[in-house]
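# Remarks on the overall topology
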Amino acid sequence: MSINSLVLRNHAPTFDIAQQFATVGSPNVSIPYVIVPTGGKQSRLARRVSVKPVFELSQFRAKAVIDWLDIDLGLPRQTQGVHINRTMKAEAGVSVYAQALEKSGLIADSSSDTRTSDRFRIRLQEPTRFVVEKLLAVLGSRWGGVWDPILRAIEVSVDFKPRVPSNSNLYAMTGLLQRHFVPFSLNAGRRGARPRVVVESSVGSKVTRHLFDPKTHVYCAPYVDGTLYFGAREDPISWRIMTKVSDQRTGSVATELTPDLHRSRIEVTLQREALVSLGIVSLEDLSDFRFERLKTEYFGFWIPTVPGVVDGAGMIKLLPVGYRHLDIFRRSGAYQFLQWEKALLEVGISTSLRAGWRKKSDPSVLARRRLLGQEHLYMLAYAELNRRTEDALRGLAWS
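Now for a quick tour of the structure.

Conventions used here
- Residues numbered from 1 in each chain as written.
- Predicted model: local features only at pLDDT ≥ 70, side-chain atom pairs only at ≥ 80, totals over all residues.
- Heavy atoms only, no water.
- Core = buried A, V, L, I, M, F, W, Y, C linked by side-chain atoms within 4.5 Å.
- Buried < 20%, exposed > 50% of the residue type's maximum accessible area, 1.4 Å probe, protein only.
- Helix = DSSP H or I, 4+ residues; strand = E, 2+ residues; numbered from the N terminus.
- Contact = heavy atoms within 4.5 Å.
- Pairing = 2+ DSSP bridges.
- Axes fitted to C-alpha atoms, helices over the stretch in contact; angles between N-to-C directions.
- Expected span 1.5 Å × (residues − 1).
- Arc of directions from axis to C-beta.

## Some details on the nonpolar core
Among the nonpolar cores identified, the biggest contains 101 residues, and Ile84, Ile122, Leu270, Leu294 and Tyr298 are the most heavily contacted of them. The element that contributes the greatest number of residues to this core is strand E5 (residues 60-80), accounting for seven residues. Excluding residues that lie within four positions of it along the chain, isoleucine 122 makes contacts with Leu69, Asp70, Ile71, Leu73, Ile84, Val96, Tyr97, Ala98, Leu135 and Leu139.

Structure, rendered in structure tokens:
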């Protein structure tokens, strides 16, 4: 990013980030940014300025929902998943998807809904406590009991819906979520876990684009009309960010939503290991769980800072290296920006030690190591977006 890309307004440099679409003929959508003082006196923020979006979150309603949950359970008699599905639909009016489990606890195979077993994994969409209780009661009555029901996984989503339907606002909100979300607990070194955006065509084919390619060192922006993934499907924790304009997708076929239901969504999927760490061991534990606890660990949004100063006249100026920092953020967002800054710190420390310029006990080396021990390094919390997200999660209850 060059100095010519910035426009000076009221002593503060500003610029726009155009959102990228995979679909030809999509609207032109940009998010304006302004570079301002950090407002902090911490030593880590010395000679740095913050990069803040100019965005009216008040134009959106935020709501948290439990999208689905998986329950593993046993039955006294063997049956098939399709029979469970049909029984629940006929006797309770509830659609479920039951898959046979092997003794290892893994799903049998792709035809697991027609495999015979006495243990199943059952998925309920938009579940409530009443629906779960109904499921256990119907299965118990039909098959003579239910053994060891275990909450295996749950997906919690936060939706941001424009108060007035608008494609421009909708995709700008998705871009904001994509660009400022930072999952500190992501293990990007795991196979298939690196941040990537997936675009599905109308004929079912998929195109995957990683935010960073370690082989070519190319940074890419996510498509706001695609789905941004963090983490692998089998990971204890994984995330998705998307523009929700359709529902109930089966392969390439989906039900289109009316414009008043379009929303930007961020969702986290928590597997058994992550649930236990939160104290959710049984289904009953959901009743007392405070869902706003998920905000700090799983729904954090951050604002980057870049090298810059405020001169005596109150003018904000980027340092020469600040333009490179700003370009990384512009290209692929806060998460990749954070990884890049971590790498810079690590390389700086190792180079200084190897060249003999510094010793391990040197104050500057120790300060850099302490900084590396902080997850967020030079970033600042995106207070307003975090608050809106936390408020939405606080309004979610298992009932």
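## Comments concerning the sheet that holds strand E13 (residues 227-230)
The antiparallel open sheet is built from nine strands, whose spatial order is E6-E7-E5-E8-E17-E14-E13-E9-E10. What marks the edges here is a single partner per strand, and that holds for strand E6 (96-100) and strand E10 (206-210). Averaged over all adjacent pairs, the angle separating strand axes in this sheet is 20°, with direction ignored. Here E5 pairs with strand E8 (residues 147-162) via 13 bridges, running antiparallel. Of the residues in E8, the one forming a bridge with leucine 69 is isoleucine 154.

## A short note on unusual backbone geometry
Residue aspartate 148 is not a glycine yet carries a positive backbone phi of 45°. Among the secondary structure elements, aspartate 148 is positioned in strand E8. Within the chain, histidine 217 stands out as a residue other than glycine whose phi angle is a positive 60°. Within the secondary structure layout, histidine 217 lies in the loop between strand E11 (212-213) and strand E12 (218-219). Assessed through its relative accessible area of 55%, histidine 217 is described here as exposed.

## Digging into the sheet that holds strand E3 (residues 30-37)
On the basis of which strands lie adjacent, the open sheet formed by six strands has the order E1-E2-E3-E4-E19-E20 and antiparallel pairing. The outermost strands of the open sheet, each flanked by one partner alone, are strand E1 (7-9) and strand E20 (316-318). On average, each strand axis in the sheet is tilted by 45° relative to the strand beside it, whichever way the strands run. Note: E1 against strand E2 (residues 12-18), three bridges, orientation antiparallel. Across the sheet, residue leucine 8 finds its bridge partner in E2, namely proline 13. Sheet strands in contact with helix H3 (residues 167-180) are E2, E3 and strand E4 (48-53), and its direction is about 45° off that of E3.

## Topic: the side chain of glutamine 336
Summarising the element assignment, glutamine 336 is placed in helix H8 (residues 334-355). Residue class for glutamine 336 comes out buried when judged on its relative accessible area of 6%. In this structure glutamine 336 touches Pro195, Leu211, Phe212, Tyr219 and Ile328, once residues within four positions along its chain are discounted.

## Digging into helix H10 (residues 383-394)
Residue pairs three or four apart in sequence face the same way in an α-helix, which turns once every 3.6 residues. Compared with an ideal rise of 1.5 Å per residue, which puts twelve residues at 16 Å, H10 spans 16 Å between its outermost C-alpha atoms and is within 8% of the ideal. All of the buried residues along H10 are Leu385, Asn386, Arg388, Thr389, Ala392 and Leu393. Summarising the axial view, the buried residues of H10 lie within an arc of 165°, below the 170-degree limit, and thus occupy one face. In this fold, the buried residues of H10 make contact with E5, E8, H3, helix H6 (293-298) and strand E21 (380-381).

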